[in-house]
Amino acid sequence: TSIKDTGKVGASVTDAIADAASGAIHGAAQGGADLGHTAKGIMIGVLRGTKKAGTEALDTIGHTAHVTIRDAAALRGDLAAVATGLVEGAIAGAKEVGVSAKDAASAAADGALKGADKVGSTAVGTVHKAVTQAAERAKVVLKQLKMVVS
């Protein structure tokens, strides 16, 4: 069962993820914390919780990245740092939820790009560059990203 297909339970899980990510990003921004480190922590925390909730890890990674980028953009936060943190967190938590680093990083990248797409082309370009560089630094080759920056 994927996070998209779980009906009321899935909706409550996705709402909880969105609320947690939003609260963490807003709190970090207000406190002047590094949003990249915050995003990495959000992703790792969500993945650890996901394992226990039994939701599908890759859908959860994508959703978490999407809402985290969306909220960071609303706060005019550093989208490159947030996108990097999300990919790093997905890679760090991948093994715990039984997915490959490549799949986890790709799901985070796709989710982050979807979130950035809601903001505009500049945000998409910033996030695309950041997720690609984060994956390269981690020596992970991303799958073909679903969104193409023109």
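All of the points below concern the structure found in this document. In this text, all values refer to a predicted model and were calculated from it rather than measured experimentally.

Concerning the overall build of the protein chain
For the protein chain, the helix and strand inventory stands at six helices and zero strands. Sequence-ordered secondary structure for the protein chain, helices as α and strands as β, is α-α-α-α-α-α. Here the protein chain holds 150 residues, and the buried ones make up 47% of them. Of all intrachain contacts in the protein chain linking residues separated by at least 6 positions in sequence, the fraction that spans at least 24 positions is 66%. Element-wise, carbon and sulfur atoms account for 52% of the exposed surface of the protein chain, whose accessible area totals about 7400 Å².

Considerations on the nonpolar core
The nonpolar side chains of a soluble globular protein tend to be buried with one another. Within the largest apolar cluster, 47 residues are counted, with the highest numbers of intra-cluster contacts made by Met 43, Ile 61, Ile 69, Val 127 and Val 131. Elements that contribute at least two residues to this core include exactly helix H1 (7-31), helix H2 (35-53), helix H3 (57-74), helix H4 (79-94), helix H5 (101-117) and helix H6 (121-137). Sequence-distant contacts of Val 131, that is, excluding residues within four places in its chain, are made with Ala 83, Val 87, Ala 109, Ala 112, Leu 142 and Leu 145.

A closer look at the packing of H3 against H4
Interaxial distance between H3 and H4 falls to 10 Å at its minimum, and their mutual angle equals 160°. Overall, the two elements H3 and H4 adopt an arrangement that is roughly antiparallel. Judged by the sense of rotation from one axis to the other, the crossing of H3 with H4 is right-handed. Contact with H3, carried on its side by Ile 61, Ala 65, Thr 68, Ile 69, Ala 72 and Ala 73, involves Leu 79, Val 82, Ala 83, Leu 86 and Ala 90 of H4 and no other residues of that element.

Parameters and conventions
Residue positions are given per chain, counted from 1 along the sequence in the order it is written. Confidence filtering applies because this is a predicted model: local features only for residues at pLDDT of at least 70, side-chain atom pairs given and counted only at 80 or more, and all residues used for totals across whole chains, interfaces and linings. To obtain the side-chain values, all non-hydrogen atoms of the structure were used and water was disregarded. In this description a helix means any DSSP run of H or I spanning at least four residues, a strand means any run of E spanning at least two, and both kinds are numbered starting from the N terminus. Under the scheme applied here, a residue whose accessible area is under 20% of the maximum for its type counts as buried, over 50% as exposed, and between as partly exposed, the area being computed with a 1.4 Å probe on protein chains only. Any two residues whose heavy atoms approach within 4.5 Å are treated as being in contact. Note on areas: these come from Shrake-Rupley sampling with a 1.4 Å probe, and a residue is covered only by the protein chains present in the view. To define a nonpolar core, start from buried Ala, Val, Leu, Ile, Met, Phe, Trp, Tyr and Cys residues and group those joined through side-chain atoms within 4.5 Å. For helices, the fitted line uses only the C-alpha atoms of the stretch in contact; every axis is such a line through C-alpha atoms, and the angle between N-to-C directions lies from 0 to 180 degrees. Convention used here: angles under 35 degrees read as roughly parallel, angles over 145 as roughly antiparallel, angles from 65 to 115 as roughly perpendicular, and any remaining angle as oblique. Crossing handedness is read from the near helix: turned anticlockwise from the far helix by less than a right angle, it gives a left-handed crossing, and turned clockwise, a right-handed one.

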